[in-house]
Every structure is written in structure tokens, then in C-alpha cells.
Amino acid sequence: MKDYSTKDIRNVVLLGSTKSGKTTLAEAMLYEGKVIDRRGTVEDKNTVSDNDELEKLNQRSIYATPLYAEFQGTKINFIDAPGSDDFIGGAYSAFRVCESGILVINAQQGVEVGTENFVRRAEENKLPLVIAVNQLDTDKADWDNIQASMKEALGGKLVYVQFPTATGASFDGIVDVLTMKYYHFKDANGTCEVLDIPAAFADQAEEARNELIEKAAEFDDALMEKFFEEGTLSEEEIMSGLNQGVTSGQAYPVFCISAKKDIGVKRLLEFIKGVAPAPKVDENGQPALFIYKNDVEQHLGEVSYFKVMSGTITPGLDLEDPATGNKERFSAIYAVAGSKKESVPALKAGDFGCVVKLKNGKSSTTLSAIGSGIEYPKIAYPAPKYRCAIKAKVQQEEQKLGDALKKIASQDPTTIVEYSKELRQTILSGNGEQHINVTKWRLNNEFNVEVELFAPKVPYRETITKVAQAQYRHKKQSGGAGQFGEVHLLVCPAEGELNTKFKIDGKDTQLNIKTQDITELEWGGKLEFYNCVVGGAIDLGFMPAILKGIKERMVEGPLTGSYARDIRVFVYDGKMHPVDSKEIAFIIAGRNAFREAFRNAGPKILEPIYNVEVMTPAEYQGAVMSDLQNRRGILGDLGADKGFSILRARVPLAELYRYSTTLSSLTSGSATFTMEFADYQPVPGDVQTKLLADYAAQEEED
Ligand SMILES: Nc1nc2c(ncn2[C@@H]2O[C@H](COP(=O)(O)OP(=O)(O)O)[C@@H](O)[C@H]2O)c(=O)[nH]1
Ligand SMILES: [Mg+2]
């Protein structure tokens, strides 16, 4: 590979819905960029991009694959990002390291929901886009229909650089109104002659040319002035105007492609070279790189993919991760096109490469010159949308499963694994059911662990709604030393002002607080403990034991064994024995008195409520709404954005298992959603009855 300086580098991500032809386009770009001399196909499972066994099996991209083309003195790095929402992590990694995107639109379908979702995400991430209308060689492709569907979705940002002279099987020519040439393709392998525009298309070309010039002038005042004066612009000026429009995200230039027949691909690369933004990085700065992807590959071990963010990276350089102080030195660096890796002597700021076997080469890691302190923010991925519990089919393999999950999560930052002490379950979260199923497949095939996936338990809470009192005497005298402790206490909800006047044993009583202990519970809410004992009925020294007993019972709530919260306890009386009173006796007495009082204090089970926000095409609004209501959701206000309805609802977590899957089938995959913990609320009466019965049955079993 030639040595490239920053201005001769372009970093582009291929975006688009599944099956639009990104991987096929990537193959054609590699071919035009002389990285391969024969093109593979997705069907034959021999593309450079989908080279993973799992991708071949599924015939679709699951991982984002970095590739490059050497094109007329420019190195075009590109990332083939998966189209499905389940594997969206790869696109987010690419947003961080690419300066522009090629949005692939399937000419058979026009703009799809997936297309729109990518446009929205690209805009959110301020990523300039170039549009490749692909599959123009298919019978279903109709240029008028495609234009209409793009106009509706993308409107004023569209800038037509080209139009096809025919679509379907006879698609073999493109009129380009930037170069004002006719590109005629003689075979299905990119062989092209550049000719004058045929007379039959002269008028259409003239009209499109004028539109292009007017658009290009819009992004630059000086060009606009010149355009007004002279009525036209040079090709160079048009390119400069387009560059400003593209870079600022105001213009989406449109190109005509058949990736399969390698039609229009070379011209697209030419445009990327001439108009797409170069990396904005400092070639003369101190060396620094940012790792955006990490993978384990056959024969290589762990591979870390990076972008040079500053200076020049060479083998033998000492770098450090400023976050941890971890130092790394690589013996070799590589330029990468899928599994093809070429050792290179240096990579300059803006360029992509990879290294193998770092001590810590996880994605989102910065490595910079020692002492420079240069550090880049971590990539922010969308929050996981699918949660499930996971365990090994064979219990002896739990440890093996834990290790494997750790490995998978370290390579895929959108897979999140945590052990919940509360639920006593390992919770696996990801972007959707397919994403989770891929993890299951990998566990089975790559790590040899068979697993079971199931609905996670719900982290219920318990609390009380009324005042109640109880007393308990613990007395044990069988053999040896005896045990004796007696506790009288009163409980009430920990809300509102502290009230110390109660009816105790039918009498109005004013309690006097001697000591107090207020605990913020690690699972939320609090426990307020007040010692109001008079006349030394219980020694001060036994108060911690009583509190300990109560806390033990809070961990395993009296109703369903869930954590209890938001309770005030007043210990107002009790009894001691001069010899047999000891710590254990008061722990037991405190625990049991508390349990008794709790059960009489109008106890309630609380469930976690989530704020759910769904963005769906308006046509599915009704279906999404009634589904949310069936999940005991309480609908909030309704919003709208660019033809989408935005529904907000408060929904119990217990009703949200597999929601992403249901939403996807309700809306043909066109909706997106987010969910975020809001608060705890009492469960409805019928749900409480059922939960109590379930717990009782389980206790019986144990
Ligand atoms: N006829 C035709 N088929 C194409 C073209 N591009 C891709 N395909 C086919 O469309 C399917 C999906 O392509 P692929 O590259 O995997 O799409 P991706 O999911 O966007 O990566 C495959 O069967 C390809 O062979 C094209 O330009 N013309
Ligand atoms: Mg693909």
C-alpha cells in the first residue's frame, strides 16, 4: 500500500436497510479500488465483507467490517455496517470514525423504514450522506417511483448528480450532470466508456444540470453571486459548493448504481474522492489513536481496529491508555480489508488500521503518546432494548458460561451481562431478540456451552400503607445457656413529617426518641429506626441487634421475599433477662416483631415502572397504543416528528419482556423505542393476589 497523507484519506460508512446491497457494493468498491481482482457474491458466501462463519450462515452482515479501496491516489476507507437494528452497534462505532456515509437505497423498494431510521441517526450524529440508489438493474426498479419516494422522505436535501438512461435488465448507462458525460457500461464487470450525452437525453440533462448548479450555489454566498451574474458555474465551483452542502449535512447528492453489475461504482468513488470531507485531524500532532472495534479472529487472536486521530503511528512506538496508564507497543500495524491484512510501515492521522494482541485493546480505548494526556470520549451506544435471564443447561458449566459471556461482552459493547444479586439471575441484554440469539449461537458454537434463555424475574419491592404494632418474645432454654429477648415495636410508612404520637394498646401515647438510625437502602428507599424505649426496658447496647434483625427481614420482605423499603420503625418497649439476654436473642425478636407488624400494616407489593417512548409511522399508532394499554401501560402525551408519531407511556417492567420483538412485528420493523426506569408503584390487587399465591406455593416447595 502507498503512503497516504490526511488530505488523501476519506472515511465512509455504508448505511442502508438490510438487503439494499451494502455488502455487494463494498465488494465492487474493493474491486474498483484494486484491493481484489475478482468479485464475490453474498449468495456464494465469498465476499470480503461477510467473511465470518455466522455471517455466511445467515447470508447477512452482523458485524461492521472495515475495508478500503486505493482509488486514484486517495485511500477510501469504508465500513460495511449491518442494516438490522439488532446489530446497530456497528453503525454507532462507524459514526465515530467516519466523516461521511453512503446511504444505499434499494431501487426495488424505494425508501424503506430502515433507510429512514439511518437518515435520522446520521443526522443526530451530524454525519454527511451521499445517496447510492442501488439495484437499478432489477425489473422492479422504476426511476419515477424512486424519485417520488425519496422526495417524500428526504425532501429538499436531495441533489441529483445523475439519472439512468434505462432501468431493469437494460440498465447500462448513466448521464452525469456534474461531468456532463454519458457513462456507458459494456459488461457486468465495470467496463465503461465515457461518451458525450446522447441527443435523446440532452434536454433532460440540461434541466438537471441547471438544478444541480442552482443547488450547489445555495451553500456558498460567493458562488450564489457568481451564479446570478453569469448564470452558470464551472465544474470545480459546483464541486466546491457541493462539498460545503454535503459537509454541513444540507445536501444529499444522488448516484445511480448496480452493485451487482458494477455499474456506477467507479463514478461514486470519484465523487467521494472529490467532494466528500477529509478527516479533520492534525497530521503533525503527537501520535494518538482510537480503537473502535475489537474482535477475535482465527490464526490472529485478538484484533483491535483503530483510527489514527493525530500524528503518525508506526510499529515500535510506545503508547499509553491515559484512562488506565496501561502501556502498549505494537510490533506491526496493518491496513485492513476484511480478513485481508497488509503490514504497513506507518499510518497517518485520519487513516484506519489494526493491531493484534494488545494487553487491553477493547473498543472505545484511546492510545496516545506517553504523557500527552490525549484521550477521546467513549462511543455512546443506544441503550439495550432486550433483556433476558440466561443459565447454562448443565449447572457445572456456569463458570464456563460466565467466562464466555465476559469475552463476548468485551468484543461487543452492545451486549451487556450482569449478575443480579437481588434476582439471583444472570441478565443478558442486547439490541433485540436476534442479537441475543446470535450470542446464544456463539456460546454454543464458539464456546461450547449450551444455554437456556428465559424471562428475568421482576425486582419487586414491598412496603406498608398503615400503622401497626407488634411484640415478640424470643425465649430458648433447652440445655446450656438460655436466650431471652422481647421487643415491642410499631411501624408506619416513611413518608411525610415525622409523627411520634400513636395509639398504642388503645391509648394515646407520645413517644420520645432517644436514638435514631436512618439508612438509605441500596435497593432504593429508606429505613428509619427510632429507639423510644423508656425506663431502660432494653439496654441501649441491644439496639443494633434489633436493627440488624429488622434489616434481615427487609432484605427478604415478608410478602414475597422482595426487598422492603420506605418504613419507619419505633421500638417503644421490651424486656431483658439479667443472664440470658444476648445479641442473637434480640436479632430474632426484632426480626419477628417486625415481620408481624409489617403484615398488619396494609402491606403492598411495588413494581418497577418504565417510561417507554415509541417512535412509529403514524399508520401504526393505533396498534401500538392498544398494545401498550394491554401491557397495563398508562399513555402520556402524544407527539409527532417528520411523519412519525411519538407515543409515551408508563409501563410496568413485568409486561415488557420481548417488547422489542412484538413492536417490530406490529409495525413491520418500522418503529423504534426507548425505555428508562421511572419509579416504583403498587401493583393492582389481582396482581398482588397472584404474586402472594406464587410465593406461598414456592415456600411450600422449598
Ligand atoms: N440485481 C441486483 N441484485 C443486487 C444488487 N446489489 C445487491 N444485490 C443482491 O441483493 C441481496 C442483498 O445484498 P447484500 O449486499 O447482502 O445487501 P446488504 O444486506 O445491504 O449488505 C443479495 O442477494 C445481492 O446479490 C444489485 O445492484 N442488483
Ligand atoms: Mg450486508
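Just to check I follow, could you spell out the overall build of the chain for this structure?
Check the secondary structure of the chain and you find 16 helices and 38 strands. C-alpha extents for the chain along the principal axes are approximately 110 × 60 × 50 Å. Per-residue burial over the chain gives 53% buried out of 702 residues. Across the chain, every contact between residues at least 6 apart in sequence was considered, and the portion connecting residues at least 24 apart equals 71%. Side-chain charges in the chain split into 81 positive and 101 negative, and the spacing between the mean points of these groups amounts to 7 Å.

Looking at this structure, how should I read the nonpolar core?
Note on soluble globular proteins: their nonpolar side chains tend to be buried together. Residues Leu15, Leu25, Phe78, Ile102, Ile131 and Met150 are the most contacted members of the largest nonpolar core, which totals 121 residues. For this core, the two domains that each supply at least three residues are domain 1 (6-168 + 248-275) and domain 2 (288-369). The residues contacting Phe78, other than those within four sequence positions of it, are Val12, Leu14, Ala26, Met29, Leu30, Thr65, Pro66, Leu67, Tyr68 and Ala69. In this structure, Val487, Ile550, Ile587 and Phe598 belong to the second largest nonpolar core, which totals 40 residues.

Explanation requested: the coordination of the magnesium ion (ligand 2) in the structure shown.
When a metal holds four donors in a tetrahedron, each ideal angle between them is 109.5 degrees; when it holds six in an octahedron, the ideal angles are 90 or 180 degrees. Protein-derived ligands of the magnesium ion (ligand 2) are Thr23 (OG1) and Ser61 (OG), with the metal-ligand distances lying across 2.1 Å. Taken together, the positions of Thr23 in helix H1 (residues 22-32) and Ser61 in the loop between helix H2 (53-58) and strand S2 (65-71) put the pair 38 residues apart, joining distant regions of the chain. By the burial criterion, Thr23 is buried, and Ser61 matches it.

Quick question: what am I supposed to make of a negative patch on the surface here?
A cluster of acidic residues, Asp203, Glu206, Glu207, Glu211, Glu214 and Glu218, forms a negative patch at the surface. As for its placement among the helices and strands, Glu207 is situated in helix H6 (residues 202-217). On the accessibility criterion, Glu207 (54% relative accessible area) is exposed.

It is not clear to me how the pairing of strand S12 (residues 288-297) should be interpreted in this structure. Could you clarify?
Along any regular strand the residues' side chains alternate between the sheet's two faces. Of all 10 residues in S12, 9 are buried, a share of seventy percent or more. When S12 meets strand S13 (residues 301-310), the two strands line up antiparallel, connected through 9 bridges. From the neighbouring strand, Ala288 faces S13, where its bridge partner is Ser310. Connecting S12 to the antiparallel partner S13 that follows it, the hairpin turn spans 3 residues, and His299 within it adopts a positive phi of roughly 70°. Relative to strand S21 (residues 366-369), S12 runs antiparallel, the two sharing 3 bridges. Bridged to Ala288 within S21 is Ser368.

Even after reading the chapter, I still don't get empty space enclosed by the protein, so can you show me in this structure?
Gaps left between atoms show up when a probe the size of a water molecule is rolled over them. Tallied over the entire structure, the rule returns 2 cavities of 30 Å³ or more. Taken as a whole, the largest cavity encloses approximately 380 Å³ of empty space. Those elements that provide at least two residues to the lining of the largest cavity are helix H3 (89-97), S12, helix H10 (398-411) and helix H11 (433-445). A volume near 30 Å³ is recorded for the second largest cavity. Val42, Lys45, Thr47, Asp50, Glu55, Lys56 and Gln59 together form the lining of the second largest cavity. Partitioned by chemical class, the residues of the lining of the second largest cavity number 1 nonpolar, 2 polar and 4 charged.

Help me understand the state of the cysteines, please; the structure alone is not making it clear to me.
Each disulfide consists of a covalent bond between the sulfur atoms of two cysteine residues. Scanning the model with the defined rule gives 0 disulfides in all. With no disulfide of its own, Cys98 lies closest to Cys354 among cysteine sulfurs, the gap being 16 Å. We classify Cys98 as buried; its relative accessible area is 6%.

Got a minute to help me understand the sheet that holds strand S31 (residues 515-520) in this structure?
Strands pair in a sheet through their backbones, by hydrogen bonds, and they do so in one of two ways: parallel or antiparallel. Pairing is mixed across the open sheet formed by 5 strands, whose spatial order is S27-S28-S34-S32-S31. Two strands lie at the open edges of the sheet, namely strand S27 (468-476) and S31, each paired on one side alone. Averaged over neighbouring strand pairs, the angle between their axes works out to 20° when direction is ignored. Pairing geometry for S31 and strand S32 (residues 526-531), over 6 bridges, is antiparallel. Directly across from Asp517, in S32, lies its bridge partner Phe529. Packing against the sheet, helix H13 (residues 583-600) makes contact with S27, strand S28 (483-493) and strand S34 (567-575), and its axis sits at approximately 35° to S28.

Teacher, can you tell me more about unusual backbone geometry here?
A negative phi angle characterises most non-glycine residues, just as the trans form characterises most peptide bonds. Here Lys34, not a glycine, exhibits a phi torsion of approximately 65°, which is positive. Note that Lys34 resides in the loop between H1 and H2. A positive phi angle, near 55°, is found at Lys45, a position not held by glycine. Mapped onto the elements, Lys45 comes out in the loop between H1 and H2.

Looking at this structure, I do not really get the site of ligand 1. What am I missing?
Near ligand 1 there are 17 residues, and of these Lys19, Lys22, Thr24, Glu43 and Asp137 occur at the shortest range. Within the backbone of Gly21, a nitrogen or oxygen atom sits 2.9 Å from an oxygen atom of ligand 1. Between an oxygen atom of ligand 1 and a side-chain N or O atom of Lys260, the distance comes to 3.0 Å. When the free accessible area of ligand 1 is taken as 580 Å², the share hidden by the protein chains comes to 88%. Examining the composition of the shell around ligand 1, we find that 3 residues originate from one element, H1, more than from any other. Taken together, the residues that form the shell around ligand 1 break down as 2 nonpolar, 10 polar and 5 charged.

Any chance you could explain the pattern of salt bridges here in plain terms?
If you walk through the whole model with that rule in mind, you get 36 salt bridges. Taking the shortest distance from any N to any O, the salt bridge between Lys526 and Glu528 comes out at 3.3 Å. By relative accessible area, which is 27% here, Lys526 ends up partly exposed. The salt bridge involving Glu613 is made with Arg648; its shortest N-O contact spans 3.4 Å. Here the residue Glu613 occupies a position in strand S35 (residues 604-617), and Arg648 occupies one in strand S37 (residues 644-652), the gap between them amounting to 35 residues. A single network of salt bridges, built from pairs that share partners, joins Asp176, Arg267 and Glu270.

Explain the domain arrangement of the chain here, please?
Frequently, the measure chosen for interface size is the accessible area removed from exposure when the parts meet. Assigned domains of the chain: these are domain 1 (6-168 + 248-275), domain 2 (288-369), domain 3 (386-454), domain 4 (462-602) and domain 5 (606-687). Taking the mean C-alpha position of each, domain 2 and domain 5 sit 42 Å from one another.

Looking at this model, I keep getting lost on H6. Mind explaining?
Three or four residues apart is the spacing at which side chains of an α-helix point the same way, because the helix has 3.6 residues per turn. Relative to the 22 Å expected for 16 residues at 1.5 Å per residue, H6 spans 22 Å between its end C-alpha atoms, a close match to the ideal helical length. Of the residues making up H6, those classed as buried are Ala205, Ala208, Arg209, Leu212, Ile213, Lys215, Ala216 and Ala217. Those residues of H6 hidden inside the fold are in contact with strand S6 (158-160), strand S7 (162-164), strand S8 (173-176), helix H7 (221-230) and helix H8 (235-247).

In this structure, what is going on with the environment of Glu552? I would like to understand it.
Within the secondary structure layout, Glu552 lies in helix H12 (residues 543-555). With a relative accessible area of 32%, Glu552 lands in the partly exposed category. Once residues within four sequence positions are removed from consideration, Glu552 is found in contact with Ile587 and Arg591. Among the polar contacts listed, one links the side chain of Glu552 to the side chain of Arg591, at a separation of 2.4 Å.

Hey, could you run me through the side chain of Gln688 in this one?
With respect to the helices, strands and loops of the structure, Gln688 is situated in helix H16 (residues 685-701). Here the side chain of Gln688 touches Pro603 through a polar contact of 3.3 Å, landing on its backbone oxygen.

What counts as what
Residues numbered from 1 in each chain as written. Chains lettered and ligands numbered in written order. Predicted model: local features only at pLDDT ≥ 70, side-chain atom pairs only at ≥ 80, totals over all residues. Heavy atoms only, no water. Helix = DSSP H or I, 4+ residues; strand = E, 2+ residues; numbered from the N terminus. Buried < 20%, exposed > 50% of the residue type's maximum accessible area, 1.4 Å probe, protein only. Contact = heavy atoms within 4.5 Å. Lys, Arg positive; Asp, Glu negative; His and termini not counted. Charge placed at Lys NZ, Arg CZ, Asp CG, Glu CD. Core = buried A, V, L, I, M, F, W, Y, C linked by side-chain atoms within 4.5 Å. Domains from an automatic or database assignment. Donors = N, O, S within 2.8 Å, 3.2 Å for Na, K, Ca; no water. Patch = residues over 30% accessible without salt bridge, like charges linked within 9 Å, V, L, I, M, F, W, Y side chains within 5 Å. Areas by Shrake-Rupley, 256 points an atom, 1.4 Å probe, with all protein chains shown as cover. Salt bridge = Lys/Arg side-chain N within 4 Å of Asp/Glu carboxyl O. Pairing = 2+ DSSP bridges. 1 Å grid on protein atoms, 1.4 Å probe; cavity = no way out; pocket = protein on both sides within 12 Å on 5 of 7 lines; lining within 4 Å. Points joined across faces, edges and corners; volume = space filled by probe spheres on them. Nonpolar A, V, L, I, M, F, W, Y, C, P; charged D, E, K, R; others polar. Disulfide = S-S within 2.5 Å. Axes fitted to C-alpha atoms, helices over the stretch in contact; angles between N-to-C directions. Near = heavy atom within 4 Å. Polar contact = N/O pair within 3.5 Å; in protein donor to acceptor, adjacent residues only side chain to side chain. Expected span 1.5 Å × (residues − 1).

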